[in-house]
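Each chain is listed here by its residues.
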Amino acid sequence: MLSRIAESLFWIGRYVERADGTARILDVHLERLNHLPLEEQRSVARELLAVMGARPQSEEFGLPELLHALAYDKTSATSIAGSLGAARENARRARETVSSSLWESLNTTYYGLNQHRKDVVGTYRFCNWVLERTAMVRGLADTTVSHDESWLFLVLGRSLERADMTARMLSTRDVLSAGMSWVNMLRCAGAYESFLRTRRAAFGDQHAAEFLLLDRLFPRSIVFALRDADECLAKLDPSAQRVGFINDARRIVGQARTFLEFHRTDDLMSELPEHMDRVQKAVTQASDAISRKYFNQADELAWVGEVS
């Protein structure tokens, strides 16, 4: 496969998942932000933006500026609109590889952004629409693209981004810890019903954090996402050697995954920020290694992409 096609597919997976994850984070925090006093709202908005890997553009940064930066700014790949635009641009570059259904879904989603501006539908409905569209894109990718190298690169990007976005979502609880329950955090990840079926009567902060971080069967847990990424890397570059791994990306992902799976503590909550930081760094390093190995690109831009 041409490296430019592989790179485009990888970033389609990442950008679509980024739009989905950002919509989930905004959806769960928006109501709480709306009820804060103005000064506290501005402080929390800055902190939330920092968790998402961006910086405020002005001193007077509050909720309206946060929504523009994370939802509607088409010039930034950190925002939902920018991510969807970048995903569509990468699909255009790989048009001979992606299925017609997948291309049409991404194209329709991109042009649907104009009908889902804040002044037309509001941010809540915009986030829900984004969740529906990204679910459709993922479903079409899984059912209309052959599960060959093309699909592996797409799933690889999706899995790394999902691990990163779940880590960022968990990190936002420290920003809005007052009044932010783990029930809302589980709902943000679409995990509430699965968590109840798994844990039954056992419920608390520790159990919820363990589920989103360590559960091996829930698709949005960090361990599950890292396992998916590891499996994609193994299929893309099977290793026949008996000692170690030449593939740097697989080594980085594997180390991050096994550390979480085998690291047990009685006080997970106090160590959660450290775990989240480790996961985000591992995703960045793995993305750099994938870029060097497959895309012939010296410098990987983890959160900045070209948007048409």
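Residues numbered from 1 in each chain as written. Predicted model: local features only at pLDDT ≥ 70, side-chain atom pairs only at ≥ 80, totals over all residues. Heavy atoms only, no water.

If you look the protein chain up in an unreviewed UniProt entry, it shows as Alpha-E superfamily protein from Arthrobacter bambusae.

(A) The arrangement of the overall build of the protein chain in detail. The helix and strand inventory of the protein chain stands at 14 helices and zero strands. Counted from the first residue to the last, the protein chain has its helices and strands arranged as α-α-α-α-α-α-α-α-α-α-α-α-α-α. Out of the 308 residues belonging to the protein chain, those deemed buried represent 56%. Sequence-distant contacts in the protein chain: of pairs separated by 6 or more residues, those separated by 24 or more amount to 68%. For the protein chain, the exposed surface amounts to about 14000 Å²; the carbon and sulfur share of it is 49%. (Helix = DSSP H or I, 4+ residues; strand = E, 2+ residues; numbered from the N terminus. Buried < 20%, exposed > 50% of the residue type's maximum accessible area, 1.4 Å probe, protein only. Contact = heavy atoms within 4.5 Å. Areas by Shrake-Rupley, 256 points an atom, 1.4 Å probe, with all protein chains shown as cover.)

(B) Representation of the packing of helix H4 (residues 80-93) against helix H5 (residues 100-112) in the model. Put simply, H4 and H5 touch, their axes get as near as 9 Å, and they point 145° apart. Every pair of crossing elements has a handedness; the one defined by H4 and H5 is left-handed. Counting all contacts with H4, which are made through Leu-84, Gly-85, Ala-87, Arg-88, Ala-91 and Arg-92, the residues of H5 involved are Trp-103, Leu-106, Asn-107, Thr-109, Tyr-110 and Tyr-111. (Axes fitted to C-alpha atoms, helices over the stretch in contact; angles between N-to-C directions. Left-handed = near helix turned anticlockwise from the far one by under 90°.)

(C) Representation of the nonpolar core in the model. Core analysis: the biggest nonpolar cluster contains 103 residues, and Leu-66, Ile-80, Leu-156, Leu-160, Leu-212, Ile-222 and Ile-290 have the highest contact counts within it. Among all residues touching Ile-222, those that are not within four sequence positions of it are Ala-163, Thr-166, Ala-167, Leu-170, Leu-212, Leu-213, Leu-260, Met-276 and Val-279. (Core = buried A, V, L, I, M, F, W, Y, C linked by side-chain atoms within 4.5 Å.)

(D) The arrangement of empty space enclosed by the protein in detail. Enumeration according to the criterion identifies two cavities of 30 Å³ or more in this entry. Its boundaries defined by the atoms lining it, the largest cavity holds a volume of some 80 Å³. Lining the largest cavity are Glu-17, Asp-20, Gly-21, Arg-24, Ile-25, Arg-162, Met-165, Thr-166, Met-169, Ala-189 and Arg-220. Elements that contribute at least two residues to the lining of the largest cavity include exactly helix H1 (3-34) and helix H8 (149-175). Examining the composition of the lining of the largest cavity, we find that five residues originate from one element, H1, more than from any other. Along its surface, the second largest cavity is lined by Ile-12, Gly-13, Val-16, Leu-102, Val-137, Arg-138, Ala-141, Leu-154 and Arg-158. Of all elements in the fold, only H1, helix H7 (123-144) and H8 reach the threshold of two or more residues within the lining of the second largest cavity. Grouping the constituent residues of the lining of the second largest cavity by class yields six nonpolar, one polar and two charged. (1 Å grid on protein atoms, 1.4 Å probe; cavity = no way out; pocket = protein on both sides within 12 Å on 5 of 7 lines; lining within 4 Å. Points joined across faces, edges and corners; volume = space filled by probe spheres on them. Nonpolar A, V, L, I, M, F, W, Y, C, P; charged D, E, K, R; others polar.)

(E) Local environment of the environment of His-116. Among the secondary structure elements, His-116 is positioned in the loop between H5 and helix H6 (118-121). For His-116 and Phe-126, which are 10 residues apart along the polypeptide, the C-alpha to C-alpha distance reads 5.8 Å.

(F) Quick look at the pattern of salt bridges. Applying the stated criterion to the full structure yields 24 salt bridges. Salt-bridge contacts for Arg-92 lead to Glu-89; the nearest nitrogen and oxygen are separated by 2.4 Å. Linking Arg-92 with Glu-89, this pair stays in helix H4, spanning three residues, or about one helical turn. Judged by relative accessible area, Arg-92 falls into the partly exposed class, the value being 44%. Linking Arg-250 and Asp-230 is a salt bridge whose minimum nitrogen-to-oxygen distance equals 3.1 Å. Placement of the pair is Arg-250 in helix H13 (residues 248-262) and Asp-230 in helix H12 (residues 222-236), with a sequence separation of 20 residues. Each of the two residues, Arg-250 as well as Asp-230, counts as buried. Each member of the salt-bridge network shares a partner with another, and the members are Glu-17, Asp-20, Arg-24, Arg-138, Arg-162 and Arg-220. (Salt bridge = Lys/Arg side-chain N within 4 Å of Asp/Glu carboxyl O.)

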